[in-house]
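Chain by chain, the residues:
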Amino acid sequence: NTRTLIEPNKFAVKHIRDQNISVHNRFLDDSFLENNQTKYDAVICRHVIEHIDDYGAFIKNLSLITSENGILILETPSLEKILSIGLVRVLSLQHFQYFSVYSLSNAVINNSPLRPLHIDFVGTDFILYFNKNEQNDFYSKYANILDSKKLLTQNANAFESLINNKNQEISSLVTKWKKNQNKKI
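Now for a description of the structure that goes with this document. (Residues numbered from 1 in each chain as written. Predicted model: local features only at pLDDT ≥ 70, side-chain atom pairs only at ≥ 80, totals over all residues. Heavy atoms only, no water.)

### Considerations on unusual backbone geometry
Even without being a glycine, His 47 presents a positive backbone phi close to 55°. Mapped onto the elements of the fold, His 47 is located in the loop between strand 3 (40-46) and helix 3 (55-65). Exposure remark for His 47: the relative accessible area of 29% places this residue in the partly exposed category. (Helix = DSSP H or I, 4+ residues; strand = E, 2+ residues; numbered from the N terminus. Buried < 20%, exposed > 50% of the residue type's maximum accessible area, 1.4 Å probe, protein only.)

In structure tokens form, the structure reads like this:
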């Protein structure tokens, strides 16, 4: 069982080298693929894809290093969860994009032979599992989650309601503060 890490950050790699892990201190790009023909049975990508500008090429490269019977696991912040609870503080300028379950599933399908198998939700994140087997019941099993128009509309409405409530709270606080200031004069 060989464990391999592909990590461009030299500081992150420094702490891994002594843990019986083969380390490639570089990006998963075409140059890496030209020099490495290894296929992996499990490819795990946690909180990376939202930082990738050309996620289509990245997904293609992930599929190229995933063995024929292997599995790809992608974890990323959930746009639906962020909007539904109004957690705007987690929105980051370091992220090129945010994904819904639907949009990430489609991005993988459109850029690789991988097909979605399963979804897990952890806090404000989701984890999607993919393999190269086209025979699965993913879409029927998760139909309620994949109704993106309905979900995004519900989440946008919830987010708008949250913003309106916060605006009312702020207006109320400003009004109270102004009254207190007038009393002091």
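### Things to note about the sheet that holds strand 6 (residues 125-131)
Strands sit in the order 3-4-6-5 across an open sheet of four strands; the sheet is mixed. A strand with exactly one partner marks an edge of an open sheet, and here the two such strands are strand 3 and strand 5 (115-122). In this sheet, adjacent strand axes meet at a mean angle of 15° when their direction is disregarded. Summarising the sheet, strand 3 and strand 4 (residues 66-77) pair through six bridges and their orientation is parallel. (Pairing = 2+ DSSP bridges. Axes fitted to C-alpha atoms, helices over the stretch in contact; angles between N-to-C directions.)

### Regarding the nonpolar core
Judged by nonpolar contacts, the single largest core of 25 residues is most densely connected at Leu 62, Leu 74, Leu 104 and Leu 128. For this core, the secondary-structure elements that each account for two or more residues are helix 2 (30-35), strand 3, helix 3, strand 4, helix 5 (101-111) and strand 6. Those residues in contact with Leu 128 that lie beyond four places of it in its chain are Leu 72, Ile 73, Leu 74, Val 101, Leu 104, Ser 105, His 118, Ile 119 and Phe 138. (Core = buried A, V, L, I, M, F, W, Y, C linked by side-chain atoms within 4.5 Å. Contact = heavy atoms within 4.5 Å.)

### Re helix 5
Taken together, the buried positions of helix 5 are Val 101, Leu 104, Ser 105, Ala 107 and Val 108. Along the axis of helix 5, the buried residues cluster in a sector spanning 160°; they form a single face. (Arc of directions from axis to C-beta.)

### Digging into helix 3
Residues of helix 3 that are buried: Gly 56, Phe 58, Ile 59, Asn 61, Leu 62, Ser 63 and Ile 65. In the core, the buried residues of helix 3 are packed alongside strand 1 (4-6), helix 2, strand 3, strand 4 and helix 5.

### Here's the deal with the pattern of salt bridges
Within this structure, the stated rule accounts for two salt bridges. The salt bridge partner of Asp 30 is Lys 60, with a shortest N-O separation of 3.9 Å. One end of the pair, Asp 30, is in helix 2; the other, Lys 60, is in helix 3, and 30 residues separate them in sequence. On the basis of relative accessibility, which here comes to 36%, the residue Lys 60 falls in the partly exposed class. Between Arg 46 and Glu 75 there is a salt bridge; the shortest N-O distance is 2.6 Å. Placement of the pair is Arg 46 in strand 3 and Glu 75 in strand 4, with a sequence separation of 29 residues. For Arg 46, a relative accessible area of 54% translates into the label exposed. (Salt bridge = Lys/Arg side-chain N within 4 Å of Asp/Glu carboxyl O.)

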